Amino acid sequence: MYNRAGSGSFLDPRTFLLLLLLANAITFFQKSLWIETGWIVFIGIMMLASGNYRLAVQWILSFGILLLLQYIVLPAAPEIISTIFALLVNYSIRMFPCLMTGAFMIREITLRRFILAMRKLHISEKLIISLSVTIRYFPAIKEEAHYIKDAMSLRKIKFSKKLEAMLVPLMMSATATAEELSAAAVTRGIENPIEKTSLLTLKLNSADYICCVTGCLFLVGTFIIK
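Just so you know, these numbers come straight off a predicted model, no measurement behind them. (Residues numbered from 1 in each chain as written. Predicted model: local features only at pLDDT ≥ 70, side-chain atom pairs only at ≥ 80, totals over all residues. Heavy atoms only, no water.)

### Things to note about the nonpolar core
Within the largest apolar cluster, 38 residues are counted, with the highest numbers of intra-cluster contacts made by Trp39, Phe42 and Met47. The set of elements that each furnish at least two residues to this core consists of helix H1 (13–29), helix H2 (33–49), helix H3 (53–76), helix H4 (79–108), helix H5 (111–120) and helix H8 (206–224). If near-sequence neighbours (up to four positions away) are discounted, methionine 47 is found in contact with Asn52, Tyr53, Leu55, Ala56, Trp59, Met100 and Phe104. Grouped together as the second largest cluster of nonpolar side chains are seven residues, Ala145, Ile148, Met152 and Met166 included. (Core = buried A, V, L, I, M, F, W, Y, C linked by side-chain atoms within 4.5 Å. Buried < 20%, exposed > 50% of the residue type's maximum accessible area, 1.4 Å probe, protein only. Helix = DSSP H or I, 4+ residues; strand = E, 2+ residues; numbered from the N terminus. Contact = heavy atoms within 4.5 Å.)

And the structure:
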């Protein structure tokens, strides 16, 4: 995997943020399947260049399966099946650029680098605090759910009661987890108005500029190609 010094990522977090914005714009404005397919291939190449081979294959295959369903399987299927699944498949294809770009972004960016990038962009500190606590919240809840699942396995909970056994303790611990994360963030001085410093450094390189220019060309293409 390509690693810039001390970063562990192929692209700068600010590049990922721009790509995510462009993916949203392409999703809502594009009227050509070629633009969307080109974007999927583009992000797939970026995944391969960053060493995420398995992730790239999974997403490209998923997109291929959706295209197969929309243009070959559903038209040949009975009308009732086509009616039920056509809308779901169509919207899945429409949202695919955002989902794929977001998955790539989550895989590549650490929270520390993401926060540093937002500060470089002069985003409000209140928003940064909210996002940092929220992003840390989901891994904590996932870990809690794993513990509950292990406990259910030990107690041999019946299948009919598994949903209740999972949701009740998870909901009870959700508030406590949020409070603990907020307290931890405050303890580390996240609310301190003094300008924050970091051992990490962010710098755009040639790969970032190439990705940004290519992404902008795709956005221009959405308004040209019909």
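Now that the structure has been shown, we can carry on.
### Observations regarding H8
The terminal C-alpha atoms of H8 lie 27 Å apart, and with 19 residues this matches the ideal 27 Å at 1.5 Å per residue to within 8%. Listing the buried residues of H8 in full gives Ala207, Asp208, Cys211, Cys212, Gly215, Phe218, Gly221 and Thr222. On the buried face of H8, the contacting elements are H1 and H2. Capping the start of H8 is the job of one residue whose side-chain oxygen sits 3.1 Å from the backbone nitrogen of alanine 207: asparagine 205. (Expected span 1.5 Å × (residues − 1). Polar contact = N/O pair within 3.5 Å; in protein donor to acceptor, adjacent residues only side chain to side chain.)

### Quick notes on the environment of alanine 183
With respect to the element layout, alanine 183 can be found in helix H7 (residues 162–187). Alanine 183 gets classed as partly exposed once you look at its relative accessible area, which sits at 43%. Separated by 111 residues in the primary sequence, alanine 183 and isoleucine 72 have C-alpha atoms spaced 54 Å apart.

### Structural notes on the side chain of serine 50
Along the chain, serine 50 turns up in the loop between H2 and H3. On the basis of relative accessible area, serine 50 is assigned to the buried category, the value being 0%. Within the local environment of serine 50, its side chain forms a polar contact with the backbone oxygen of methionine 47, the two atoms lying 2.8 Å apart.

### Comments concerning the packing of H1 against H5
The N-to-C vectors of H1 and H5 enclose an angle of 80°; their axes lie 9 Å apart at closest approach. Between H1 and H5, the crossing angle belongs to the class labelled roughly perpendicular. Along its contact with H1, which presents Pro13, Arg14 and Leu17, the element H5 presents Arg113, Phe114, Ala117 and Lys120. Here the residues of the contact of H1 with H5 sort into four nonpolar, no polar and three charged. (Axes fitted to C-alpha atoms, helices over the stretch in contact; angles between N-to-C directions. Parallel < 35°, antiparallel > 145°, perpendicular 65-115°, else oblique. Nonpolar A, V, L, I, M, F, W, Y, C, P; charged D, E, K, R; others polar.)

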